[in-house]
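Coordinate inspection notes
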Amino acid sequence: MNNVLTVNGVSKKFINIREGKKEILQAVDHISLSVSPGERIGIIGASGCGKTTLLKMILGLTNTDSGSIACDGKPGFVAQDPYSSLCPRFRIWKIVAEPLIYSGKKMNKEQIKGRVKEVLLQVQLPPDKFMERYPYQLSGGERQRVSLARALVCKPRLLILDEPTSMLDYEVKSGIGNQILKIAEEEQLAVVLVTHDIEFARIMCDHLYIMNEGKFLEDGETKELFEDPKNSFTKMLFAASLDLEAFWKLKENME
């Protein structure tokens, strides 16, 4: 089975100038991973660990310094903020249709709207109710479902999610998570979830990568990794997500 995504030894540095001195930041340091059709992986790490830079390189928004990335077709992408990722001047049907309009596929307006209706139904937004609305008329959860529909409209083989539920409450987050799982299974979509929400990643992903200071410290099947993490940083992350008292005790023991 061919991989939908292969990342091989990718690195990225940034140069900062602070008080007249040059600083080199190793944002991503020789990262490798692969994702097969239907597989769901999670990349977990705190803010600043390099996961967003890695995601941007996978999406082609940032060049690599070294290594290679091979992706089977253009991935669908769901951004973190449902309030800034949708153009406020466009109706919902046009927002969802944008990837189709600029894809080069020969489709007339009627065909494009037909496909938009299909994906709105997939994400549980009735087309007759939502097609002609504007983003300001939608809740945060509804906006993120629109983002998901837009990511799916060109029938990608890979779906990339950047903290897709971080700005949503628990009930809405659960609903969208279940919808993503259902669609991924039906479509045999590969999924890459980038998040610091460990519990959400635990539910969503088959395989997890733990990232810190630009490197993968540990990875493994989700259930096995939670049952027996090897790396001390992984243990601290898991403790913080499940039990704050256990986290501080573990941190004290590590110092």
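Remember, predicted model here, so these are calculated numbers, not experimental data.

**Points about the overall build of the protein chain**
Across its full length, the protein chain carries ten helices and nine strands. Computed over the C-alpha atoms, the radius of gyration of the protein chain is 19 Å, within 12% of the 18 Å expected from 2.2 N^0.38 for a compact globule of 255 residues. Viewed in the frame of its principal axes, the protein chain has a C-alpha envelope of about 60 × 45 × 40 Å. Taking all 255 residues of the protein chain together, 46% fall into the buried category. Put simply, of all contacts in the protein chain between residues at least 6 apart along the chain, 67% involve residues at least 24 apart. Surface exposure of the protein chain reaches about 13700 Å², of which carbon and sulfur atoms provide 48%. Averaged over its 34 positive side-chain charges, the protein chain has a centre that lies 8 Å from the centre of its 34 negative ones.

**A short note on the nonpolar core**
Grouped together as the largest cluster of nonpolar side chains are 48 residues, with contacts concentrated most on Val96, Val116, Leu120, Val146, Leu148 and Leu159. The element that contributes the greatest number of residues to this core is helix H2 (residues 92–101), accounting for six residues. Core analysis: the second largest hydrophobic core is formed by 23 residues, Val10, Ala27, Ile41 and Ala190 among them.

**A short note on the sheet that holds strand S2 (residues 21–35)**
The strand order across the open sheet built from three strands is S2-S1-S4, with neighbouring strands paired in antiparallel fashion. Both outer strands of the open sheet, S2 and strand S4 (66–71), are each paired with one neighbouring strand and no more. Between one strand axis and the next, the sheet turns through 30° on average, direction left out of account. Here strand S1 (residues 5–18) pairs with S4 via five bridges, running antiparallel.

**Section: helix H6 (residues 170–187)**
Helix length check: H6, at 18 residues, gives a terminal C-alpha distance of 26 Å against a target of 26 Å (1.5 Å per residue), a fit within 8%. All buried positions along H6 are accounted for by Lys173, Ile176, Gly177, Gln179, Ile180, Leu181, Ile183 and Ala184. Remark: Gln188 follows H6 within two positions and exhibits a positive phi of approximately 55°.

**Some thoughts on the confidence of the model for the protein chain**
Per-chain confidence: the protein chain averages 88 in pLDDT, with 94% of residues scoring 70 or above. The low-confidence segment residues 244–248, where pLDDT is below 50, has five contacts with residues more than four positions distant or belonging to other chains.

**Concerning a nonpolar patch on the surface**
Together, Ile15, Ile17 and Ile24 make up a nonpolar patch on the protein surface, roughly 340 Å² of accessible area in all. If you trace the backbone, Ile17 turns up in strand S1.

**With respect to the packing of H2 against helix H3 (residues 109–122)**
For the pair H2 and H3, interaxial distance at closest approach is 9 Å and the crossing angle is 110°. Taken together, H2 and H3 sit at an angle that is classed as roughly perpendicular. For H2 against H3, the interelement crossing comes out right-handed. Contacts between H2 and H3 pair Ile92, Trp93, Val96, Ala97, Leu100 and Ile101 from the former with Lys109, Ile112, Lys113, Arg115, Val116, Val119 and Leu120 from the latter. By residue class, the composition of the contact of H2 with H3 is ten nonpolar, no polar and three charged.

**Quick notes on the sheet that holds strand S9 (residues 215–221)**
Pairing is mixed in the open sheet, where six strands are placed in the order S5-S6-S7-S3-S8-S9. Two strands in the sheet have a free side with no partner beyond their single neighbour: strand S5 (76–78) and S9. Taking each pair of neighbouring strands and ignoring which way they run, the sheet shows an average axis angle of 15°. Looking at chain direction, S5 and strand S6 (residues 158–162) are connected through three bridges and run parallel. Bridge pairing in S6 places Gly76 opposite Leu159.

Conventions adopted
- Residues numbered from 1 in each chain as written.
- Predicted model: local features only at pLDDT ≥ 70, side-chain atom pairs only at ≥ 80, totals over all residues.
- Heavy atoms only, no water.
- Helix = DSSP H or I, 4+ residues; strand = E, 2+ residues; numbered from the N terminus.
- Rg over C-alpha atoms; globule rule 2.2 N^0.38 Å.
- Buried < 20%, exposed > 50% of the residue type's maximum accessible area, 1.4 Å probe, protein only.
- Contact = heavy atoms within 4.5 Å.
- Areas by Shrake-Rupley, 256 points an atom, 1.4 Å probe, with all protein chains shown as cover.
- Lys, Arg positive; Asp, Glu negative; His and termini not counted.
- Charge placed at Lys NZ, Arg CZ, Asp CG, Glu CD.
- Core = buried A, V, L, I, M, F, W, Y, C linked by side-chain atoms within 4.5 Å.
- Pairing = 2+ DSSP bridges.
- Axes fitted to C-alpha atoms, helices over the stretch in contact; angles between N-to-C directions.
- Expected span 1.5 Å × (residues − 1).
- pLDDT = per-residue confidence, 0-100.
- Patch = residues over 30% accessible without salt bridge, like charges linked within 9 Å, V, L, I, M, F, W, Y side chains within 5 Å.
- Salt bridge = Lys/Arg side-chain N within 4 Å of Asp/Glu carboxyl O.
- Parallel < 35°, antiparallel > 145°, perpendicular 65-115°, else oblique.
- Left-handed = near helix turned anticlockwise from the far one by under 90°.
- Nonpolar A, V, L, I, M, F, W, Y, C, P; charged D, E, K, R; others polar.

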